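Residue strings, one per chain:
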Amino acid sequence: MANSDYLVGASVVTFSIIAFAEVARSVRLINILFGVWLIAAPWLLDGVSSPLATGNSIICGALLIALAIPRGTIKDSYASWDRYII
């Protein structure tokens, strides 16, 4: 499970940085999938050493999902791309 946490953590950082661009804001929704994985991983993978690790994974997954949902404001206009910015 530790390897899964390392891979998911690096992926979350990568996709979050990509989502900083307004035209790529929809990429933040991928982090919801990573959050769901963090919640499910303790029961699907071996290597959970303590209930504290399980709780940490659940809390981090829930926070990741909650923080990936807000949209924020769009500051610029991107002509025909405006309808794709979510």
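Look up a bit, the structure's there.
Residue numbers here run from 1 along each chain, matching the order of that chain's written sequence. Where local features are concerned, this predicted model is filtered to residues with pLDDT of at least 70; where side-chain atom pairs are given and counted, the filter is 80 or more; whole-chain, interface and lining totals use all residues. Computation of side-chain values covers all heavy atoms of the structure but excludes hydrogens and water.

**What about the nonpolar core?**
As used in this record, nonpolar core signifies buried Ala, Val, Leu, Ile, Met, Phe, Trp, Tyr and Cys residues forming a set joined through side-chain atoms within 4.5 Å. Burial status follows relative accessibility: with a 1.4 Å probe on protein chains alone, a residue under 20% of its type maximum counts as buried, one over 50% as exposed, and anything between as partly exposed. Formed by Val8, Val12, Phe34, Leu38 and Leu64, the largest nonpolar core amounts to five residues. Looking at this core, the elements that each hand over two or more residues are helix H1 (2–18) and helix H2 (30–44). In this description, contact between two residues means that some pair of their heavy atoms is separated by no more than 4.5 Å. Setting aside anything within four residues of it in sequence, one finds Val8 in contact with Phe34, Trp37 and Leu38. Only DSSP runs of H or I covering at least 4 residues are called helices, and only runs of E covering at least 2 are called strands; the numbering of each starts at the N terminus.

**Quick notes on the environment of Ser77**
With respect to the helices, strands and loops of the structure, Ser77 is situated in the segment after helix H3 (51–68). When the C-alpha atoms of Ser77 and Asn3 are compared, they prove to be 41 Å apart, with 74 residues separating the residues in sequence.

**Some remarks on H2**
Helix span is expected to be 1.5 Å times the residue number reduced by one. Helix length check: H2, at 15 residues, gives a terminal C-alpha distance of 20 Å against a target of 21 Å (1.5 Å per residue), a fit within 8%. Looking at H2, one finds that the buried residues are Asn31, Phe34, Gly35, Leu38, Ala41 and Pro42.

**Considering the side chain of Ser4**
When you line up the elements, Ser4 lands in helix H1. In this structure Ser4 touches Trp37 and Leu45, once residues within four positions along its chain are discounted.

Function cannot be read off these values alone, since they describe shape.
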